[in-house]
Amino acid sequence: MSRALPIPALAVALVLSCGKEAVGPATSLCDTRHGVEVCVDKSEYGRSERLIVTTTNVSGNPIFRDSCAIKPTGVTNLSAEFEEVYNPRLHCGPEVTRADIVERMVEIAPGASADEILGFAIHAFQGWYRVNVWILDREGNLAFDTPAVSGVFRVHPSTN
């Protein structure tokens, strides 16, 4: 006579076999794109918390990070696509000029890193997020059509 495990016991066994990652997919706090590694400091944040974003140049040439458009962007479903819209007005105002962007961009030498502290919008929703970091050329033009991005992390608005 064969005995099947009751459904609750089977569910517990599956969750326990997954370890810490049972709440979602295994992710890294870092991602690398365009010769740039972007990392966040934690895997979960409350809406009122600040996040530290570290941008590391893993290419052989200097890069220029746009401080006007760096942004956490989120989705409520990981099968959805993250927003990748360039918006320098985000941190530099509606009248931002190329000169403003160049003045505020951060040059990062090969092998070097730069940190930036960001917060979440007051209306941040619970979900999965990553940080978009736009890379510029020396004149302040976009170097790539897509941003360098951090690894995926979670935001829980009710957590402090």
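Here the structure is shown first, and the text comes after it.
Every value quoted in this text rests on a predicted model; they were computed, and no experiment measured them.

Participant: Go over the overall build of the protein with me, naming the residues and quoting the values.
Facilitator: A count of helical and extended segments in the protein gives three helices and twelve strands. Per-residue burial over the protein gives 36% buried out of 160 residues. Considering only residue pairs separated by 6 or more positions, the protein has 69% of its internal contacts joining residues 24 or more positions apart. Accessible surface for the protein amounts to roughly 9,300 Å². Of this, 54% is attributable to carbon and sulfur atoms.

Participant: I'd like to hear about the pattern of salt bridges, residue by residue, with values.
Facilitator: According to the stated counting rule, one finds five salt bridges in the structure shown. The partner of E83 in a salt bridge is K71, and the shortest N-O contact between them spans 2.7 Å. Here the residue E83 occupies a position in the loop between β6 (71-75) and α2 (89-92), and K71 occupies one in strand β6, the gap between them amounting to twelve residues. By relative accessible area, which is 35% here, E83 ends up partly exposed. Looking at K71, the relative accessible area reads 26%, which means it is partly exposed. Of the charged contacts, one joins E84 and R130 as a salt bridge, the two residues approaching to 2.6 Å between their closest N and O atoms. Linking E84 in the loop between β6 and α2 with R130 in strand β9 (residues 127-133), this pair joins segments that are 46 residues apart in sequence. If you follow the salt bridges from partner to partner, you end up with R33, E84 and R130 in one network.

About the thresholds
- Residues numbered from 1 in each chain as written.
- Predicted model: local features only at pLDDT ≥ 70, side-chain atom pairs only at ≥ 80, totals over all residues.
- Heavy atoms only, no water.
- Helix = DSSP H or I, 4+ residues; strand = E, 2+ residues; numbered from the N terminus.
- Buried < 20%, exposed > 50% of the residue type's maximum accessible area, 1.4 Å probe, protein only.
- Contact = heavy atoms within 4.5 Å.
- Areas by Shrake-Rupley, 256 points an atom, 1.4 Å probe, with all protein chains shown as cover.
- Salt bridge = Lys/Arg side-chain N within 4 Å of Asp/Glu carboxyl O.

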